[in-house]
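# Results of the structural survey
The lines below spell out each chain.
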Amino acid sequence: MAQKGFTRRATLTLGAGTVAGLATPYFRRVRAAEVLHVNTWGGIWERAAIKNLFEPFTRDTGIEIRPVSPVSFAKLAQQVRSGAYEFDVTTLGAGEIIRANQANLVEKLDNTDLVKSPPFAGAAFQNGASSHAFATVIAYQKSKYPNGGPQNWAEFWDTQKFAGSRCMQRYASRILPIALAADGVPTEKLYPLDLNRAFRSLDKIKPAVRVWWTQGQQSQQLLRDGEIDCIALWHARTLELIDQGQPVEIVWNQAQIERAYWVVARGTPNRDNALRFLEAAIRPERVAGFCRDSLNGPLNPAAFNHVSAAEAARMPTAPAYKDKVFEQDILNFGGDVNAATQRFERWIGT
Amino acid sequence: MSAAVTASPEKQAGGSSLKSWLLLAPLMVFLAAFFLVPLAQVAVMSVTDPEFGFGHYVDIATDGFHLRVLLDTFLTALVVSLCCLLLGFPLAYAMAAAPGGMAAAMMVVVTMSFWTSFLVRTYAWMVLLGNRGPIAQFVQWLGFEAPELLFTRFSSTVAMTHILLPYMVLSLYGVLKRIEPSLPRSAASLGATPLSVIRHVVLPLAAPGIANGLTLVFVLCLGFYVTPILLGSPREQMVAGVIGQQVEEFLAFGEASAMAMVLLASTLVVLGLYHRRFGLDRLWG
Amino acid sequence: MRLALILLGALVLAFVATPLFIVVPMSFSTAVSLEFPPPGWWTGYYSAYFSDARWTRPTLNSLGIAAAVSILTVLLVTPATFALVRHRFAGKGLVNVMLMLPLAVPHIVMAIGYYAFLADIRLLQTFPGIILAHTALSVPMAFLVLSANLKGFDRSLERAAMSLGASPAATFRHVTLPVLWPGFAAAALFAFVQSFDETVVALFISGRDTETLPRKMFDSIRTTADPVIAVVSTLLFLAVAALVIVPVLWRTLSRRRSESRP
């Protein structure tokens, strides 16, 4: 059932399959009963998750958690189809959770407490457990722009005034709204997205984009090594670089706030433990600790009881940024997210 | 079975045909099951996924995107092959001309490069061409702004040339070494200029090696996956990268398979041309 | 002209050797990622490599896979090579083509083929799956090496042993094998290296617990680009150097020894 896409070809491989199939039981790795594999973004994100989410969970339940990286939406789709699981739980942004539900890649949460007696409003969204908010911000090399770099997306797009190479995430649903903002659409009127206009806007910045990053650590490496002058990346990765003393500036104006969710890969043999992890991961004190260390903003309001005012001020959910930032409205996207992603990927390659 | 009649005592046939096939059977069964079947699966997927038909091939021929990628790939492979020839010829020539010990030392360097994983060499080029690498720093030291070398067509071409160069050098060395050293000398003594010695004596004799090297490099370059992805420009993808992406990102096996079949066919055409002129068994010899 | 060509050749040789001069110093660098010349020196990335299971496990995986591949390849290729070199039979040309085909098909084509195929037979991301795929891809090189050796083998040795009453099995064990063992070793080595270095197919069919070293390196170059990659590269250089230089030295030394004999 899970590997529907492949069964059509099964006849072809029947002969070879029998040979190898006979040998399989002898080779198959014996899966340890109480291990959970959780996908992480590596770096600061992973360290915060291990300390505040994984280790407490293991202390409570005896279930060992092993981090797996990199995070890849494609892997989630692959493993559900091929039946070979690399992770049981993964973390998805808003655009991806929509795509994952469309493609039926995540376990339903209908029968869990997250839905039946939610700990806070919106604890479950599209079969994901609401974890934290993060921002996509503008960051630039101070040395490249001594008098200040681009302060909004329109200026980020302006390669005349702010000459230099650009870098953005290879993530359609995150970049398309930004492209509209750069084209002059007020950030409160972005949705539903005018996709054609967004792609026309992207055409203008394309020649300047040297790399489309896919991993958080990659975006940091590119910035640290000076490969790119100006980048759209996550606020937490930027703050970490600044804390390390890198000559990098962060721009909060027009930062795009997005939510991240924990989901369970559909069909995983560790489904029950994975669901337990989801419920534990959004408990106030745990998500507070995770967000404190990973510089994100907790979505569970009760978490703020465990966060100091100084810590809260660095989070993208802080009141100081409220008037500067805008939030994604994925349910009002303005088209099929998956089709837009396909179009975006092809657009990048041409 | 007619071969049996003319079989020399060295190569007994008849009964040994059965014996041969028994000896061959394990490998043949293995390759059929674990090589031909997966390969056939690609061919089948290209016309059945998601539905039966030749739609993917029609798309490739008509939608512009795929043809551009294919053309780009061919051009890149051509440029890389020619770069390898231009760089490889002097090196192979120097190796063939050098005295024994020196030639052996040069051979060690080339062979080591040949055996070194191309990931290692790709990484080395990322360091070299990076914004904080030696080339950029040297340019800055001269007082210019550091050039953007990484993630361009230039960087991937340089790295692929470097990676494939040993194939060219080893192919050329094989033929250059066999050229009688006295031949160019006697041509020179008959009054030929050095340039015309190379043009009229060395090059014709080296032609099979040149064809060999060009074919190898071109074919390997057509299917290059890792290096263009890691240090090439996102806008100039090669066929292999597009195939991989279709599978990895979108599980679009049909489209990827159709592209793969086109890539395979192109490779086989090039190899076929070589085979008609020189015989394929010499290519990897 | 000749001199110019040779000088140019020397320059190209330097170009060929460049990565060595980059990667080895880089492995002792304190740089966080791509920075050269190194801002400082230490051996910290060596300890990082040897103490991090995220690097040691893929290394061990690759060694194990490559060992299995080299054994399996030699076992399969040896009888076939004997048949092809020593016998004539109908369909020989076809068999030859079949044996060389894995060398002609681009790896990306096989990568998607294996991906779908191994998923069908539930061997995706398993060691047997990777070993089977790598073995198929190693066949041509092992065959080329072994057949070159076998063609050079003087069969009168075997005939002499047989005429003295040795059974075919005993002849193989006591005559053929001792003479041909460098050929077997070379074929096994080629298969080993082929598997150990293979990246494209492994990227698609290896998984979390079966991750190979090239796949780990690929991911690492793409994300952190830290000098641990340089450490691995340096170690691989050393291994290759041992493989390339030791036989050359051995041959030179043994030639000297035989020359110095009266």
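Thresholds applied
Residues numbered from 1 in each chain as written. Chains lettered and ligands numbered in written order. Predicted model: local features only at pLDDT ≥ 70, side-chain atom pairs only at ≥ 80, totals over all residues. Helix = DSSP H or I, 4+ residues; strand = E, 2+ residues; numbered from the N terminus. Rg over C-alpha atoms; globule rule 2.2 N^0.38 Å. Buried ≥ 20, exposed ≤ 12 C-beta atoms within 10 Å, placed from the backbone. Contact = placed C-beta atoms within 7 Å. pLDDT = per-residue confidence, 0-100. Domains from an automatic or database assignment. Nonpolar A, V, L, I, M, F, W, Y, C, P; charged D, E, K, R; others polar. Expected span 1.5 Å × (residues − 1). Bend = angle between axes of the 7 residues up to and from the residue. Pairing = 2+ DSSP bridges. Right-handed = clockwise from strand over helix to strand, strands pointing away.

### Structural notes on the overall build of chain A
- The helix and strand tally for chain A stands at 15 helices and 11 strands.
- What you see for chain A is a C-alpha radius of gyration of 21 Å, in line with the 20 Å of a compact globule of 350 residues.
- Principal axes of the C-alpha set define a box for chain A whose edges measure 70 × 50 × 35 Å.
- By the burial criterion, 52% of the 350 residues in chain A qualify as buried.
- For chain A, the proportion of contacts with a sequence separation of at least 24, taken over those separated by at least 6, is 72%.

### Here's the deal with the overall build of chain C
- Tallying secondary structure elements over chain C gives 11 helices and 0 strands in all.
- Put simply, chain C runs from its N terminus to its C terminus through helices and strands in the order α-α-α-α-α-α-α-α-α-α-α.
- Across its three principal directions, the C-alpha atoms of chain C cover 70 × 60 × 40 Å.
- Residue burial in chain C is summarised as follows: out of 262 residues, 50% are buried.
- A fraction of 74% describes how many contacts in chain C between residues 6 or more apart in sequence connect residues 24 or more apart.

### Quick look at the confidence of the model for chain C
- Residues with a pLDDT of 70 or more make up 97% of chain C, whose mean pLDDT is 91.
- The ipTM, which scores confidence in the relative placement of chains, is 0.92 for this predicted complex, and the corresponding pTM is 0.90.

### Remarks on helix α11 (residues 235–243) of chain A
Residues and elements named next belong to chain A.
- Among the residues of α11, His235, Ala236, Arg237 and Thr238 are the ones counted as buried.
- Those residues of α11 that are buried are in contact with α3 (43–61), β5 (128–141), α10 (216–224), β8 (230–234), β9 (248–264) and α13 (284–294).
- Remark: Gly245 follows α11 within two positions and exhibits a positive phi of approximately 90°.

### Thoughts on the domain arrangement of chain A
Residues and elements named next belong to chain A.
- Domain annotation of chain A identifies domain 1 (4–133 + 259–318) and domain 2 (134–258 + 323–348).
- A C-alpha centroid distance of 26 Å is found between domain 1 and domain 2.
- In this assembly, 21 residues from domain 1 lie in contact with 22 residues from domain 2.
- Broken down by secondary-structure element, the contributors of at least two residues to the side of domain 1 that touches domain 2 are α3, α5 (94–102), β5 and β9.
- Ranked by the residues each element gives to the side of domain 1 that touches domain 2, the list is headed by α5, at 5 residues.
- For the side of domain 1 that touches domain 2, the class distribution of residues is 10 nonpolar, 8 polar and 3 charged.

### Description of helix α1 (residues 2–27) of chain C
- The terminal C-alpha atoms of α1(C) lie 39 Å apart, and with 26 residues this matches the ideal 38 Å at 1.5 Å per residue to within 8%.
- The largest bend in α1(C) is about 45°, located at C:Ala17, with the proline C:Pro19 one to four residues further on.

### Examining the interface of chain B and chain A
- Listed per partner, the contact involves 24 residues of chain B and 24 residues of chain A.
- Those elements that place two or more of their residues in the side of chain B that touches chain A are α2 (15–48), α4 (65–97) and α12 (239–250) of chain B.
- If you tally residues by element for the side of chain B that touches chain A, the top one is α2(B), at 8 residues.
- Split into classes, the residues belonging to the side of chain B that touches chain A amount to 13 nonpolar, 6 polar and 5 charged.

### Concerning the pairing of strand β1 (residues 35–39) of chain A
Residue and element names in this part refer to chain A.
- Most of β1 sits out of view: 4 of its 5 residues are buried.
- Pairing between β1 and strand β2 (residues 64–68): 5 bridges, direction parallel. Within the sheet, the bridge partner assigned to Val38 lies in β2 and is Pro67.
- One crossover worth recording links β1 to the parallel β2 by way of α3, and it is right-handed.

### Structural notes on the environment of C:Val74
All names here are of chain C.
- Structurally, Val74 can be placed in helix α3 (residues 53–86).
- Taking C-alpha positions, Val74 is 19 Å from His174, a pair spaced 100 residues apart along the chain.
- The residues touching Val74, leaving out its near neighbours within four places in the chain, are Ala142, Phe184, Ala187, Ala188 and Ala191.

### Description of the confidence of the model for chain A
Residues and elements named next belong to chain A.
- The pLDDT averaged across chain A works out to 89; a share of 91% of its residues lies at or above 70.
- Confidence scores differ between elements of chain A, with helix α1 (residues 4–7) showing the lowest mean pLDDT of 44 and helix α7 (residues 153–157) the highest of 98.
- Predicted confidence for residues 1–32 stays below pLDDT 50, and this span has 49 contacts to residues more than four positions away or in other chains.

### What to know about the pairing of strand β7 (residues 209–213) of chain A
Residues and elements named next belong to chain A.
- Here β7 lies mainly inside the structure; 4 of its 5 residues are buried.
- Inspection of the sheet shows strand β6 (residues 166–169) paired to β7 by 4 bridges, in the parallel sense. Within β7, the position partnered with Cys167 by the bridge is Val211.

### Notes on the interface of chain B and chain C
- Every contact between the two is made by 75 residues of chain B and, on the other side, 74 residues of chain C.
- Looking at the side of chain B that touches chain C, the element that brings in the most residues is α2(B), giving 18 residues.
- Split into classes, the residues belonging to the side of chain B that touches chain C amount to 57 nonpolar, 15 polar and 3 charged.

### Considerations on the environment of C:Thr56
- Tracing the chain through its elements places C:Thr56 in helix α3.
- When the C-alpha positions of C:Thr56 and C:Arg173 are compared, they lie 38 Å apart, and in sequence the two are 117 residues distant.

### Points about the environment of A:Pro70
- Considering the arrangement of structural elements, one finds A:Pro70 in the loop between β2 and α4 (73–82).
- Separated by 145 residues in sequence, A:Pro70 and A:Gln215 have C-alpha atoms that sit 7.2 Å apart.
- Ignoring sequence-local partners within four residues, the contact set of A:Pro70 consists of A:Gly42, A:Gln215, C:Asp219 and C:Thr223.

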